[in-house]
Amino acid sequence: MATYSFENVITWQKAHDFALIAYRTCQKFPVTERYGLCDQFQRAAVSISAKIAEGYKKISKPDKLRFFNIAQGSLEECRNYILLVKDLGYISTEEFENLRFSLEETSKFLNLYCKGIINNNGVKD
């Protein structure tokens, strides 16, 4: 019998990968941003995968979707931080593209996951 957990969900895997990239990127920020922008960015990045994990075991559709909607809000917060750190010159164009690609992948899979739950398209609990 197969064991399922949030770790098996591709959406969570994408969000986890994004959080890792965000953490590595924040290490390159100026020291003055350690407790400001860096902290906010990391919290938002971690929140995406955390809310997906938390919502995974919720029983009702509305509960699941509420947590996934919170994850979507954190994702948009990260989108803002990515643009901000690029405009502040804290990251290179390559790092910006890396972050943006990972965030877009996460967003795409999160949206599909939500649609699957809404439509009951074989989403496993």
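Notes on the structure in this doc start here. Only a predicted model underlies this, so the values are computations on that prediction, with no experimental measurement involved.

Rules used throughout
Residues numbered from 1 in each chain as written. Predicted model: local features only at pLDDT ≥ 70, side-chain atom pairs only at ≥ 80, totals over all residues. Heavy atoms only, no water. Helix = DSSP H or I, 4+ residues; strand = E, 2+ residues; numbered from the N terminus. Buried < 20%, exposed > 50% of the residue type's maximum accessible area, 1.4 Å probe, protein only. Areas by Shrake-Rupley, 256 points an atom, 1.4 Å probe, with all protein chains shown as cover. Lys, Arg positive; Asp, Glu negative; His and termini not counted. Charge placed at Lys NZ, Arg CZ, Asp CG, Glu CD. Salt bridge = Lys/Arg side-chain N within 4 Å of Asp/Glu carboxyl O.

So, about the overall build of the protein chain. For the protein chain, the helix and strand inventory stands at four helices and zero strands. Its helices and strands in sequence order give the protein chain the pattern α-α-α-α, from N to C terminus. Viewed in the frame of its principal axes, the protein chain has a C-alpha envelope of about 45 × 25 × 25 Å. Burial analysis of the protein chain (125 residues in total) assigns 39% to the buried set. Carbon and sulfur atoms make up 53% of the accessible area of the protein chain, which totals about 7,400 Å². Of the side chains in the protein chain, 17 bear a positive and 15 a negative charge, and the two mean positions are spaced by 6 Å.

As enumerated under the stated definition, the model contains nine salt bridges in all. Here Glu97 ties to Arg100 by a salt bridge, and the two come within 3.0 Å at their closest N and O atoms. Highlighted residues: Glu97 and Arg100, both in helix α4 (residues 93-119), separated by three residues, approximately one helical turn. With its nearest N and O atoms 3.3 Å apart, the salt bridge here joins Glu105 to Lys108.

The partly exposed category is assigned to Glu97, whose relative accessible area is 36%. Taking the C-alpha atoms as reference points, Glu97 and Arg79, separated by 18 residues in sequence, lie 12 Å from one another.

Geometric values such as these leave the question of function open.
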